[in-house]
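# A structural walkthrough
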Amino acid sequence: MPASGLEPAYGYLRVPYASREEVALLEKQLEEYAEAHKLDLRQVHHERHRALRVGNLADWLVGGGVQHLIVPSLDHVTEHPLVRLVFFEAVYLDARAELHEACVDTET
């Protein structure tokens, strides 16, 4: 359901081993974040592969006219620093989109 006046956003979940219940909880967190930050969450991509595949990420964002990508947290995407850099590049540089963390873990 399009929400007029709200900026469009997509969500991204890496869920290779997640149960349906876990995926539903993560989706709900993305939806709540979008609502709280006045974003129109239009679509959530479920990455089911173990390896992070960012090849089409920028095309997906640009093609949808979306400049906001919501993830649960950066640790959810990857904890590996080089892979995280590739993900950032795809979002920030290639798609020129803003990355949002819906559930930043405060534990170190």
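None of these values were measured; they are calculated from a predicted model. (Residues numbered from 1 in each chain as written. Predicted model: local features only at pLDDT ≥ 70, side-chain atom pairs only at ≥ 80, totals over all residues. Heavy atoms only, no water.)

### Overview of helix α1 (residues 20–36)
If you check α1, its first and last C-alpha atoms are 24 Å apart, about what 17 residues at 1.5 Å a residue would give, namely 24 Å. Listed as buried for α1 are Val23, Leu26, Leu30, Tyr33 and Ala34. Considered in projection along α1, the buried side chains sweep an arc of 100° and stay on one side of the axis. For α1, the exposed residues set more than 90 degrees away from the buried face come down to Arg20, Glu21, Glu35 and Ala36. Where α1 terminates, the next one or two residues include Lys38, which has phi positive at roughly 55°. (Helix = DSSP H or I, 4+ residues; strand = E, 2+ residues; numbered from the N terminus. Expected span 1.5 Å × (residues − 1). Buried < 20%, exposed > 50% of the residue type's maximum accessible area, 1.4 Å probe, protein only. Arc of directions from axis to C-beta.)

### Digging into unusual backbone geometry
The phi dihedral of Lys38 is positive, around 55°, even though this residue is not glycine. The topology assignment puts Lys38 in the loop between α1 and β2 (39–47). Residues other than glycine seldom take positive phi values, yet Arg96 does so here, at roughly 55°. Along the chain, Arg96 falls in the loop between α4 (81–94) and β4 (98–101).

### Quick notes on the nonpolar core
By size, the foremost hydrophobic cluster in this structure holds 19 residues, and its most contacted members are Tyr12, Leu57, Leu61, Leu69 and Phe87. Elements represented by at least two residues in this core include exactly β1 (7–14), α2 (57–63), β3 (68–71), α3 (74–77) and α4. In terms of residues, this core owes the most to one element, α2, which gives four residues. Non-local contacts of Leu61, meaning those with residues more than four positions away in its chain, are made with Tyr10, Val66, His68, Leu69, Ala95 and Ala97. (Core = buried A, V, L, I, M, F, W, Y, C linked by side-chain atoms within 4.5 Å. Contact = heavy atoms within 4.5 Å.)

### Considerations on α4
With 14 residues, α4 extends 19 Å between its outermost C-alpha atoms, agreeing within 8% with the 20 Å of an ideal straight helix rising 1.5 Å per residue. All of the buried residues in α4 are Phe87, Ala90 and Val91. Elements that come into contact with the buried residues of α4 comprise β1, α2, β3, α3 and β4. Backbone geometry just after α4 places Arg96 at a positive phi near 55°.

### Here's the deal with the sheet that holds β1
Strands sit in the order β2-β1-β3-β4 across an open sheet of four strands; the sheet is parallel. Both edges of this open sheet fall to β2 and β4, since each of them pairs with a single strand only. Strand-to-strand twist of the sheet, defined as the mean angle between neighbouring strand axes without regard to direction, takes the value 30°. Judged from the four bridges that link them, β3 and β4 form a sheet pairing that is parallel. Bridge assignment links Ile70 to a residue of β4, and that residue is His100. Sheet strands in contact with α4 are β1, β3 and β4, and its direction is about 125° off that of β4. (Pairing = 2+ DSSP bridges. Axes fitted to C-alpha atoms, helices over the stretch in contact; angles between N-to-C directions.)

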